[in-house]
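Overview (structure and organization)
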Amino acid sequence: MAIHLTKESKVLVQGMTGGQGMRHTRRMLAAGTNVVGGVNPRKAGQNVDFGGRGVPVFGSVADGIRSTGADVTVVFVPPPFAKDAVVEAADAGIPLAVVITEGIPVHDTVALTSYAARRGTRVIGPNCPGLITPGQSNAGIIPADITKPGPIGLVSKSGTLTYQLMYELRDIGFSTCVGIGGDPVVGTSHIDCLAAFQDDPDTELIVLIGEIGGDAEERAAAHIRDHVTKPVVGYIAGFTAPEGRTMGHAGAIVSGTAGTARAKQEALEAAEVRVGRTPSETAALVLRTLRAD
Amino acid sequence: MDLYEHQARQLFEEHGIPVPRAEVTDSPQEARGIARRLGGRAVVKAQVKTGGRGKAGGVRFAADPAAAELTARQMLGTDIKGHRVGTVMLAEPVDVAEEFYVSYVLDRTAGGFLAIASAQGGMEIEDVAATRPEAVARIPVDRAEGVTSATAQEIAATAGLPPQTVDVLMRLWQVLVREDALLVEVNPLVRTGQGQILALDGKVTLDDNARFRQARLGEHGERHQDPLEAAAAERGLTYVRLDGEVGVIGNGAGLVMSTLDVVAGCGARPANFLDIGGGASAQVMADGLSVILSDPAVKSVLVNVFGGITACDAVAEGIVSAVDTVRLTKPLVVRLDGNNAARGRAILGERAHPLVEHATTMDGAARRAAELAHTA
């Protein structure tokens, strides 16, 4: 089962023929991902060779879907063109767009996420490492060799903290790990992933990684209290980080929370989420919780 | 990037929002001339990127050009909440009848923009929002549709603002969209005794990601007051100076923040935050390390890298090249895991430097770096 990505997923890569796209398509294929094509209007009809496996390049996402039945696209397109790439994918009716691109202007992200939502396309990211269902498929840039399939579902804003926790818990393994991205606006929230993990029979325990800023973790805590029956272990980074920008008076008026690590930890603990003080302590809490079950 | 008040004022003016006459300077003599041009009397306003400026004495009235010069002299170079006053703005005094609050801000939770407006503007707006939320209107704005005259009328009516503010509300939205802003705030927006609407003070935050299509972001370029922050910015690194003794460098904001926490948990204080980003080259690593090593407060350095797209052998090459060029005098604890970690460790092992140590875990590395900082 896992969430959002399985071995059945047929993956297109927008921006496959660029440097990043080539490198990570090679790694995705090595991880067993069923990459069915790339998209580049200037190279349509070509075949790109990845160590003996030819991957066709389509002129548009719509062409790619028609020829292959693709249901996931991974976007490596540079920031100035990323919005149009996602709009094209949504117009073509793709169910899931994983946007790796870092540095997309927020106005573009607001436009692309709301456009995609209206057309029923889930966006993960932008500025995210993607998601991996170990042993099945890898859509993005998460290293596939850290860990194996197992009972833990993980959702995180931070890429490298995701890798750190996957590494700490490599002997237990993961159902799916989702890096939702650290930008102010993202297409898929902690809550979306919590709900999917709650419904996923392969997931026994959920690890939620957050960091300072915004109120996503506080809202996730409220969701856990009301809707999640599986055990959740949390980790928050940024207790010693300097205070961030305040966005004038408007920032405080909008969120109603300080957004500090302490505030997030307290919100999670109030929802009976055990929160580790370090990645290693978080991993230890996961082990203890799984053994107690 | 947050703009100074005078930069926000200029943006407002360019987009046709009425603002008081004003000029900015870093010289007390010029302040006298500006006051004269403004008609003699002037409000002298310290240009700092922090709130609560008025309460901290950063806004003062000068009754004549000589007083303006004296006030500017007293204000320039002082410190307001940790921000040095480098320039002052002199503005013509305004006869204020009413103070309003209006802003458009990114609502992260909703993934869109929100109009916030109140007839109770001024310095106490956050208190008003907390104690009498009904006095502050919050209206989501569909970015694709924008603020039409109907939307602006709705915002004004909901907040109890006079109809003359509708034009300002529409123009302020244009500032947000055309300048790629994440926040445009006017506080206070005033009605003068003569019935004129004026934006008396403003705050604008621009989106650094929009640099490729907003030439202005370059013009407003941040001048870092801290020399190490300036050196790091020149090399394209994200560096924040803190007040401790353990230098910290890693890849990815989340992992670096987590590393600071683990160092603090070991009873030491981190000296900085430095993120070399994803896929960093040996050069980037070497640059980052040399910034940290040039900080006299640093007693030991912790390198914590989990290679995803970052290759640990490149990180190790960067460490070796930095150590070769700066003549290392401070101990370095290195933890490498992930992509090419074995090769990275081998590179450090081959060039065995007595001050470079290898650690196998993040916790162990932090503990050791804290220990070394204490014994240094």
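Residues numbered from 1 in each chain as written. Chains lettered and ligands numbered in written order. Predicted model: local features only at pLDDT ≥ 70, side-chain atom pairs only at ≥ 80, totals over all residues. Heavy atoms only, no water.

**Some words on the pairing of strand β3 (residues 47-50) of chain A**
For a regular strand, the rule is simple: side chains alternate between the two faces of the sheet. Side chains of β3(A) alternate between two faces, with A:V48 and A:F50 buried and A:N47 and A:D49 left unburied. Remark: 2 residues form the turn of the hairpin made by β3(A) and strand β4 (residues 53-58) of chain A, two consecutive strands paired antiparallel; A:G51 in that turn has positive phi of roughly 55 degrees. (Buried < 20%, exposed > 50% of the residue type's maximum accessible area, 1.4 Å probe, protein only. Helix = DSSP H or I, 4+ residues; strand = E, 2+ residues; numbered from the N terminus. Pairing = 2+ DSSP bridges.)

**A closer look at the UniProt feature "domain: CoA-binding" (unreviewed entry) in chain A**
The feature "domain: CoA-binding" (unreviewed entry), as given by UniProt, occupies residues 4-104 of chain A in the numbering adopted here. End C-alpha to end C-alpha, residues 4-104 of chain A measures 23 Å, and it is 33% helix and 27% strand. (UniProt positions renumbered as here; feature names shortened; annotations may be inferred.)

**Points about the UniProt feature "binding site: substrate" (unreviewed entry) in chain B**
In the numbering used here, UniProt assigns the feature "binding site: substrate" (unreviewed entry) to B:N251, B:G308, B:I309 and B:T310. Considering the C-alpha atoms alone, the annotated residues occupy 60 residues of sequence yet fold into one spot, their largest mutual distance being 10.0 Å. Inspection of the secondary structure assignment puts B:I309 in the loop between β16 (300-307) and α11 (312-326). Residues within four places of B:I309 in sequence aside, it is in contact with A:R23, A:H24, A:R27, A:I141, B:G278, B:G279 and B:N339. When you line up the elements, B:T310 lands in the loop between β16 and α11. Note on B:T310: relative accessible area 1%, which makes it buried. (Contact = heavy atoms within 4.5 Å.)

**So, the packing of aromatic side chains**
Counting across every chain of the model gives 4 aromatic pairs over all chains. Each ring, one from A:Y163 and one from B:F306, has its centre 6.2 Å from the other, and the planes form 50 degrees; the classification is tilted. Placement of the pair is A:Y163 in helix α5 (residues 159-168) and B:F306 in strand β16, with the two residues belonging to separate chains. Exposure remark for B:F306: the relative accessible area of 1% places this residue in the buried category. Their ring planes at 80 degrees and their centres at 5.2 Å tell us that B:Y104 and B:W173 sit as a pair that is edge-to-face. Of the two residues, B:Y104 is situated in strand β7 (residues 96-107) and B:W173 in helix α6 (residues 166-178); the sequence distance between them amounts to 69 residues. Take B:Y104 and B:W173: they sit in the same class, and that class is buried. The lysine or arginine in question, A:R119, covers the ring of A:Y115, its NZ or CZ lying 3.7 Å from the ring centre. (Phe/Tyr/Trp six-rings, centres within 6.5 Å; stacked < 30°, edge-to-face > 60°. Lys NZ or Arg CZ within 6 Å of the ring centre and 35° of its normal.)

**So, the domain arrangement of chain A**
Where interface size is given, it is often the accessible area lost as the parts come together that is meant. All names here are of chain A. If you check the domain split of chain A, you get domain 1 (11-124) and domain 2 (146-292). Computed over C-alpha atoms only, the centres of domain 1 and domain 2 are separated by 27 Å. Summed over both sides, the interface between domain 1 and domain 2 buries roughly 620 Å², with carbon and sulfur atoms accounting for 60% of that surface. A per-residue breakdown of the area domain 1 buries against domain 2 is headed by V106, R122 and I124, which together make up 53% of the total. Seen at the junction of domain 1 and domain 2, the total is 1 salt bridge. (Domains from an automatic or database assignment. Buried area = accessible area lost by both parts, 1.4 Å probe. Salt bridge = Lys/Arg side-chain N within 4 Å of Asp/Glu carboxyl O.)

**Let's talk about the interface of chain A and chain B**
Across the boundary between the two partners, chain A contributes 49 residues, which contact 58 residues of chain B. Together, the buried faces of chain A and chain B total about 4300 Å²; carbon and sulfur atoms form 62% of this surface. At the junction of chain A with chain B, the criterion picks out 1 salt bridge. If you look at where chain A meets chain B, you find 17 residue pairs in polar contact (both at pLDDT 80 or more). Secondary-structure elements contributing two or more residues to the side of chain A that touches chain B are α1 (19-30), α3 (79-91), α4 (106-118), α5, β13 (232-237), α8 (248-255) and α10 (279-292) of chain A. The greatest single-element share of the side of chain A that touches chain B, amounting to 6 residues, is contributed by α8(A). Here the side of chain A that touches chain B is composed, by residue class, of 27 nonpolar, 14 polar and 8 charged. (Polar contact = N/O pair within 3.5 Å; in protein donor to acceptor, adjacent residues only side chain to side chain. Nonpolar A, V, L, I, M, F, W, Y, C, P; charged D, E, K, R; others polar.)

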